[in-house]
Amino acid sequence: MAVKTVFKRYELKYLMNEAQTKAVYDALAEHMVLDKYGHSSIRNIYFDTDDFLLARRSISKPLYKEKLRFRSYGKAENDSIVFVELKKKFKKVVYKRRLTMPLCEAMDWFTKEDGKAPETQIGEEIDFMRYRYPGLRPAMLLTYEREAYYAKDGSDLRITIDSNILARLDNIDLTSEVGGHSVLPEGYTLMEIKTLYGYPPWLTAVLSGNQLYKSSFTKYGNAYKQMVVKRLPEDFYRIPTGAATVVGAGGDK
């Protein structure tokens, strides 16, 4: 099966407690289907400058922002095929370019002075990040468990639910075991609704019926807030104090 390399869509995010998560799963069972990955354990390396310029821009909500990450589904080996992804957001629309290559080659590309980019249009676009942001380096390992769904009706709607989101600033390696700072309060999940078009009526009903509201939460940006800036993300102020306090304390797993 060919790997999709170019995406253009809106990505709307919702923080959910246990009751809301259950209600959403019940609705997904009726209207959507698990995609080819189904349940997956995702590992990401986010690249940034020494002063976390990309993270700081991400949380400042600019008109345009971009991120670079390497992603594997499950624990990788040095010769495992991974995704190299450039994510841009402009006027609320997300544009993603990605390619696949062995992890060892991807790391050489971005950690060695003579690292070579794949000779493709997307390879050149991603490679430009090395010159746009001098000193770009592996800055954070961010992992989570994901359930991914697509619509039964053939529309472009995709929904993912992420749990056990963990981040760390050391041992940044896709071949390592997961572990680190818990980015969400205990019992909470993060839903992302991905589409270029509007929500179907059933989804609108689920959101309104369970008091689910859009959030500006980003996994990488908010992990940066908690671990580097030592600040509680604004989205957590809507969460009951007990749960928010746990996250603010920065517990590891």
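About the criteria used
- Residues numbered from 1 in each chain as written.
- Predicted model: local features only at pLDDT ≥ 70, side-chain atom pairs only at ≥ 80, totals over all residues.
- Heavy atoms only, no water.
- Core = buried A, V, L, I, M, F, W, Y, C linked by side-chain atoms within 4.5 Å.
- Buried < 20%, exposed > 50% of the residue type's maximum accessible area, 1.4 Å probe, protein only.
- Helix = DSSP H or I, 4+ residues; strand = E, 2+ residues; numbered from the N terminus.
- Contact = heavy atoms within 4.5 Å.
- Patch = residues over 30% accessible without salt bridge, like charges linked within 9 Å, V, L, I, M, F, W, Y side chains within 5 Å.
- Areas by Shrake-Rupley, 256 points an atom, 1.4 Å probe, with all protein chains shown as cover.
- Salt bridge = Lys/Arg side-chain N within 4 Å of Asp/Glu carboxyl O.
- Pairing = 2+ DSSP bridges.
- Expected span 1.5 Å × (residues − 1).
- Arc of directions from axis to C-beta.
- Polar contact = N/O pair within 3.5 Å; in protein donor to acceptor, adjacent residues only side chain to side chain.

Draft legend 1. Expanded view of the nonpolar core. In this structure, Phe 70, Val 84 and Ile 126 are the most contacted members of the largest nonpolar core, which totals 24 residues. Elements with a minimum of two residues in this core: β2 (32-48), β3 (64-73), β4 (81-90), β5 (93-102), α3 (103-111) and α4 (121-132). Among the elements that line this core, the one with the most residues is α3, at 5 residues. Every residue in contact with Ile 126, bar those within four places of it in the chain, is listed here: Leu 68, Val 84, Leu 86, Arg 97, Leu 99, Trp 109 and Phe 110. Formed by 22 residues, the second largest nonpolar core is a distinct cluster that contains Leu 184, Leu 190, Tyr 224 and Phe 236.

Draft legend 2. Representation of a nonpolar patch on the surface. A grouping of Val 33, Leu 34 and Tyr 150 is seen on the molecular surface, where their side chains present a nonpolar patch of about 230 Å² in accessible area. Tracing the backbone shows Val 33 in strand β2. What makes Val 33 partly exposed here is its relative accessible area of 30%.

Draft legend 3. Quick peek at the pairing of β4. Note that β3 and β4 share 8 bridges and pair antiparallel. When the bridges of β4 are listed, Leu 68 appears paired with Leu 86. The pairing of β4 with β5 spans 10 bridges and is classified as antiparallel. Across the sheet, the residue bridging to Lys 87 is Lys 96, located in β5. Count of turn residues in the β4/β5 antiparallel hairpin: 2 residues, of which Lys 91 carries a positive phi of about 50°.

Draft legend 4. Inspection of helix α1 (residues 18-31) at higher detail. End to end, α1 covers 20 Å across 14 residues, agreeing with the expected 20 Å (1.5 Å per residue, within 8%). Along α1, the residues that are buried comprise Gln 20, Thr 21, Val 24, Ala 27 and Leu 28. One face of α1 carries all of its buried residues, which in axial projection span an arc of 130°. Along α1, exposed side chains directed more than 90 degrees from the buried face belong to Glu 18, Ala 19, Lys 22, Ala 29 and Glu 30. Those residues of α1 that are buried lie in contact with β1 (6-16), β2, β6 (137-151), β7 (158-168), β9 (189-195) and α5 (201-209). The N-cap of α1, judged by a side-chain oxygen 3.2 Å from the amide nitrogen of Ala 19 a few residues on, is Asn 17.

Draft legend 5. Expanded view of helix α6 (residues 219-229). The buried fraction of α6 amounts to 9 of the 11 residues, a majority that puts the element mostly inside the structure. Within α6, burial applies to Lys 219, Tyr 220, Gly 221, Asn 222, Ala 223, Tyr 224, Lys 225, Gln 226 and Met 227. Within two residues after α6, Lys 230 carries a phi angle of roughly 60°, on the positive side.

Draft legend 6. Structural view of the side chain of Arg 146. As for its position among the elements, Arg 146 is in strand β6. Here the side chain of Arg 146 touches Asp 162 through a polar contact of 2.7 Å, side chain to side chain. When neighbours within four sequence positions are excluded, Arg 146 is seen to be in contact with Gly 38, His 39, Ser 40, Ile 42, Arg 71, Thr 160, Ile 161, Asp 162, Glu 192, Lys 194 and Lys 219.

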